Amino acid sequence: QVQLVESGGGLAQAGGSLRLSCAASGSIFSINSMGWYRQAPGKQRELVASITSGGSPNYYVDSVKGRFTISRANAKNTVYLQMNSLKPEDTAVYYCNGGIIIGASYFPKDYWGQGTQVTVSS
């Protein structure tokens, strides 16, 4: 069984920083791309940032460009989201996602973390 567990959320002031982590564990053969999503109250879940299996960021939503940085440590099956210059509009539940392969003969399957709350006060 595969699990994704996020950590690092919490309360920050506008202009501050937080670093989210998401560790994948369980029966993992390999992990394809990984990403961070967020969902604010009353809004649809949106992709914030994604990164390839090789560690190259390949997407940032316009609203976080220049402020957020996605990275990953493949040896630890972990993806990070460094969030700087936080704004109140960044307040949301943040979810990590990964395309995980559990064996050589398996297709990748999407897995989700349980979410971590980020609240930015003005």
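Above this text sits the structure in question.
The numbers attached to residues start from 1 for each chain and follow its sequence in the written order. Thresholds applied to this predicted model are a pLDDT of at least 70 for local features of residues and 80 or more for the giving and counting of side-chain atom pairs; totals over whole chains, interfaces and linings are not thresholded and use all residues. Remark: hydrogens and water are excluded; side-chain values derive from all non-hydrogen atoms of the structure.

Caption draft 1: Main features of the packing of aromatic side chains. The aromatic pairing rule takes the rings of Phe, Tyr and Trp, using the six-membered ring of Trp, and pairs them if the centres are within 6.5 Å, calling planes under 30 degrees apart stacked, those over 60 edge-to-face and the rest tilted. Applying the stated criterion across every chain yields a total of 1 aromatic pair. Definition used: whenever NZ (Lys) or CZ (Arg) falls within 6 Å of the ring centre and also within 35 degrees of the ring normal, the charge is taken to sit over that ring. Sitting above the plane of the Tyr80 ring, Arg19 keeps its charged end 4.1 Å from the centroid. Of note, Arg45 hangs over the ring of Trp112, and the distance from its end group to the ring centre comes to 4.9 Å.

Caption draft 2: Up close: the pattern of salt bridges. Salt bridges are defined as contacts in which a side-chain nitrogen from Lys or Arg sits within 4 Å of a carboxyl oxygen from Asp or Glu. Per the stated rule, a full pass over the model turns up 4 salt bridges. Two residues, Asp62 and Lys65, come together in a salt bridge whose shortest N-O distance is 2.9 Å. Only protein chains enter the calculation, and the probe is 1.4 Å; a residue is then buried if its accessible area is under 20% of its type maximum, exposed if over 50%, and partly exposed in between. Residue classification places Asp62 among the exposed positions, given a relative accessible area of 60%. The salt bridge partner of Asp90 is Arg67, with a shortest N-O separation of 2.8 Å. Residue Asp90 is located in the loop between strand E8 (78-83) and strand E9 (92-101), and its partner Arg67 is located in the loop between strand E6 (57-60) and strand E7 (68-73); the two are separated by 23 residues in the primary sequence. Just as Asp90 is buried, Arg67 falls in that class too. Here the residues in one salt-bridge network are Arg38, Glu46, Arg67 and Asp90, joined through shared partners. Under the DSSP-based scheme used, a helix requires at least four consecutive residues in state H or I and a strand at least two consecutive residues in state E, with every element numbered from the N terminus.

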